[in-house]
Amino acid sequence: EIFDWIIANAQRLNVKAVVSLGDIVEYGTIEADFATMSAQYQRLVDAGIPVVATIGDHDYNSFGTRDKTYYDKYFTKDLILENDWFSLGRYSWIV
């Protein structure tokens, strides 16, 4: 599993953060998938690895309305980042 590998190798590889580029789930209409993936990302946070999870087209509940209720419910600001900003090396971002 990729989350196990990241946690096991984070220190050796000097991992500063994990950035998800969207499509966290396959179907945005299945709430249980969001709960599962949120728990996996929480493992990274608990291991001290900051997470940035952007939303992809598969993460919307409905493509017609662009409803992102489940994404907003499970990928809260508290999970994704503890602050509105973060730094990696000499670069800083505002989220």
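Residues numbered from 1 in each chain as written. Predicted model: local features only at pLDDT ≥ 70, side-chain atom pairs only at ≥ 80, totals over all residues. Heavy atoms only, no water.

Participant: Looking at this structure, how should I read helix H1 (residues 2–13)?
Facilitator: For an α-helix the count is 3.6 residues per turn, leaving residues at separations of three or four pointing the same way. Its twelve residues give H1 an end-to-end C-alpha distance of only 14 Å, which falls more than 12% under 16 Å, the value for a rise of 1.5 Å per residue. Within H1 the residues assigned to the buried category are Phe3, Ile6, Asn9 and Ala10. One face of H1 carries all of its buried residues, which in axial projection span an arc of 145°. Opposite the buried face of H1, at more than 90 degrees from it, the exposed residues are Ala8, Gln11 and Arg12. Summarising the contacts, the buried residues of H1 are in contact with strand S1 (18–20) and helix H2 (31–46). The positive-phi residue at the C-terminal boundary of H1 is Asn14, with phi of around 60°. (Helix = DSSP H or I, 4+ residues; strand = E, 2+ residues; numbered from the N terminus. Expected span 1.5 Å × (residues − 1). Buried < 20%, exposed > 50% of the residue type's maximum accessible area, 1.4 Å probe, protein only. Arc of directions from axis to C-beta. Contact = heavy atoms within 4.5 Å.)

Participant: Would you mind going over the packing of H1 against H2 with me for this structure?
Facilitator: When two helices pack together, their arrangement is given by the angle between their axes and by how far apart the axes lie. Interaxial distance between H1 and H2 falls to 10 Å at its minimum, and their mutual angle equals 5°. The angle between H1 and H2 falls in the class roughly parallel. Two secondary-structure elements touch here, H1 through Phe3, Asp4, Ile6 and Ile7 and H2 through Met37, Gln40, Tyr41, Arg43 and Leu44. Tallied by class, the residues present in the contact of H1 with H2 amount to six nonpolar, one polar and two charged. (Axes fitted to C-alpha atoms, helices over the stretch in contact; angles between N-to-C directions. Parallel < 35°, antiparallel > 145°, perpendicular 65-115°, else oblique. Nonpolar A, V, L, I, M, F, W, Y, C, P; charged D, E, K, R; others polar.)

Participant: How do you make sense of the side chain of Gln40 when you look at a structure like this?
Facilitator: In this fold, Gln40 is placed in helix H2. Look past the residues within four positions of Gln40 in its chain and what remains in contact with it is Glu1 and Phe3.

Participant: Even after reading the chapter, I still don't get the pattern of salt bridges, so can you show me in this structure?
Facilitator: Oppositely charged side chains can form a pair if their charged atoms are brought close together. Taken as a whole and judged by the stated rule, the model has four salt bridges. Taking the shortest distance from any N to any O, the salt bridge between Glu1 and Arg43 comes out at 3.7 Å. Of the two residues, Glu1 sits in the segment before H1 while Arg43 sits in helix H2, which places them 42 residues apart along the sequence. A relative accessible area of 57% means that Glu1 is categorised as exposed. Assessed through its relative accessible area of 30%, Arg43 is described here as partly exposed. Here Lys68 makes a salt bridge to Asp72, at a shortest N to O gap of 2.9 Å. A relative accessible area of 33% means that Lys68 is categorised as partly exposed. Via salt bridges that share partners, Glu1, Asp4 and Arg43 belong to a single interconnected network. (Salt bridge = Lys/Arg side-chain N within 4 Å of Asp/Glu carboxyl O.)

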